[in-house]
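What follows is each chain in one-letter form.
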Amino acid sequence: MADDTTTQSRAFASVQQMDDRTEGAIPKDRPFLAFALDVASQMIRDHCGWFVGPVATDTLYLDGPGSRLLVLPTLRIVAVTAIRQSGQPLDPTSYRVSRGSGMIRTATPLSVEFGAIEVDLRHGYDLVPEPIVDLTLQMAARALGSPLGVVREQSLVANVTWSTTAAGVAGGTVILEHELAALAPYTLGPLP
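Quick caveat: nothing in here was measured; it's all calculated off a predicted structure.

Side note on the packing of aromatic side chains
- If you walk through the whole model with that rule in mind, you get two aromatic pairs.
- A centroid spacing of 5.9 Å and a plane angle of 55° characterise the contact between Trp50 and Tyr125, whose relative ring orientation is tilted. A residue pair is termed long-range when its members are at least 10 positions apart, and Trp50 in the loop between α2 (33-48) and β1 (56-62) and Tyr125 in the loop between β7 (117-123) and α3 (130-145) qualify at 75 residues.
- Arranged with centres 6.1 Å apart and planes meeting at 85°, the rings of Tyr125 and Tyr186 form a pair that is edge-to-face. Of the two residues, Tyr125 sits in the loop between β7 and α3 while Tyr186 sits in the segment after α4 (177-183), which places them 61 residues apart along the sequence.
- Counting every residue linked through ring pairs, the aromatic cluster contains Trp50, Tyr125 and Tyr186.
- Of note, Arg45 hangs over the ring of Phe51, and the distance from its end group to the ring centre comes to 4.6 Å.

What follows is the structure, encoded as structure tokens:
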């Protein structure tokens, strides 16, 4: 079930952080809180174009660039443990890794074949950057603020406007325009 807080989460923020940040207004046992944090985190990862964090061990399957420069879909390489071209391992002394740009330069040009390159690596931030944690909490809170998509309720004595992302649009899990700017340092540019 989506609101099970005991499942393994890949969220950038925890249910405890939400409880703390909202001073209990969104408690850690709130149904669907873990799910909202997971969804917000995945939307941020999708926008950024890579895993971001925390550090993960992955195998990337890439098309051969036909050049000596291999651009990986990551912005922070911790370690490259192996590179294979058409199933054959490359000599580790035949390439150099740029840990902060996600690029590898090889001694000789790589294949031009689709799917010819495999890279085993560890990548991502050890600690997820605070702007990303903050944005994850904001997005999840917005989504939980109007779970039925209601924008406004009114009675004779009260008028309540729920979380909105635009005029007449209920909160939901979205990345707002000003939040995109906060993600810019963690977002991949177009890959060649």
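Comments concerning the side chain of Arg142
- Its location among the elements puts Arg142 in helix α3.
- Classification of Arg142 by relative accessible area gives buried; the value is 10%.
- A distance of 2.7 Å separates the side chain of Arg142 from the backbone oxygen of Val174, its partner in a polar contact.

Some thoughts on the sheet that holds strand β5 (residues 95-98)
- Strand order across the open sheet formed by three strands is β2-β6-β5, with antiparallel pairing between neighbours. Edge positions in the sheet fall to β2 (69-71) and β5, since each of these pairs with one other strand and no more. Across the sheet, the axes of successive neighbouring strands diverge by a mean angle of 20°, strand direction being ignored.
- Where β5 meets strand β6 (residues 103-106), four bridges bridge the pair, whose relative direction is antiparallel. Looking at β6, one finds that Val97 is bridged to Ile104.

A few points about the nonpolar core
- By size, the foremost hydrophobic cluster in this structure holds 26 residues, and its most contacted members are Met18, Leu37, Ile44, Cys48, Ile132 and Leu183.
- Secondary structure elements with two or more residues in this core: α2 and α3.
- Once residues lying within four places of it in the same chain are set aside, the contact partners of Leu37 are Ala11, Ala13, Ser14, Val15, Met18, Thr136, Leu137 and Ala140.
- Core analysis: the next-biggest nonpolar cluster, separate from the first, contains 13 residues, Leu72, Ile83, Tyr95 and Leu110 among them.

So, the packing of α2 against α3
- One way to put it is that α2 packs onto α3 with a least axis distance of 8 Å and a crossing angle of 125°. Relative to α3, the element α2 is oriented oblique. Where α2 crosses over α3, the two elements pack in a sense that is right-handed. On α3, the residues that touch Leu33, Ala36, Leu37, Ala40, Ser41, Met43 and Ile44 of α2 are Ile132, Leu135, Thr136, Leu137, Met139, Ala140 and Leu144.

The rules behind these values
- Residues numbered from 1 in each chain as written.
- Predicted model: local features only at pLDDT ≥ 70, side-chain atom pairs only at ≥ 80, totals over all residues.
- Heavy atoms only, no water.
- Phe/Tyr/Trp six-rings, centres within 6.5 Å; stacked < 30°, edge-to-face > 60°.
- Helix = DSSP H or I, 4+ residues; strand = E, 2+ residues; numbered from the N terminus.
- Lys NZ or Arg CZ within 6 Å of the ring centre and 35° of its normal.
- Buried < 20%, exposed > 50% of the residue type's maximum accessible area, 1.4 Å probe, protein only.
- Polar contact = N/O pair within 3.5 Å; in protein donor to acceptor, adjacent residues only side chain to side chain.
- Pairing = 2+ DSSP bridges.
- Axes fitted to C-alpha atoms, helices over the stretch in contact; angles between N-to-C directions.
- Core = buried A, V, L, I, M, F, W, Y, C linked by side-chain atoms within 4.5 Å.
- Contact = heavy atoms within 4.5 Å.
- Parallel < 35°, antiparallel > 145°, perpendicular 65-115°, else oblique.
- Left-handed = near helix turned anticlockwise from the far one by under 90°.

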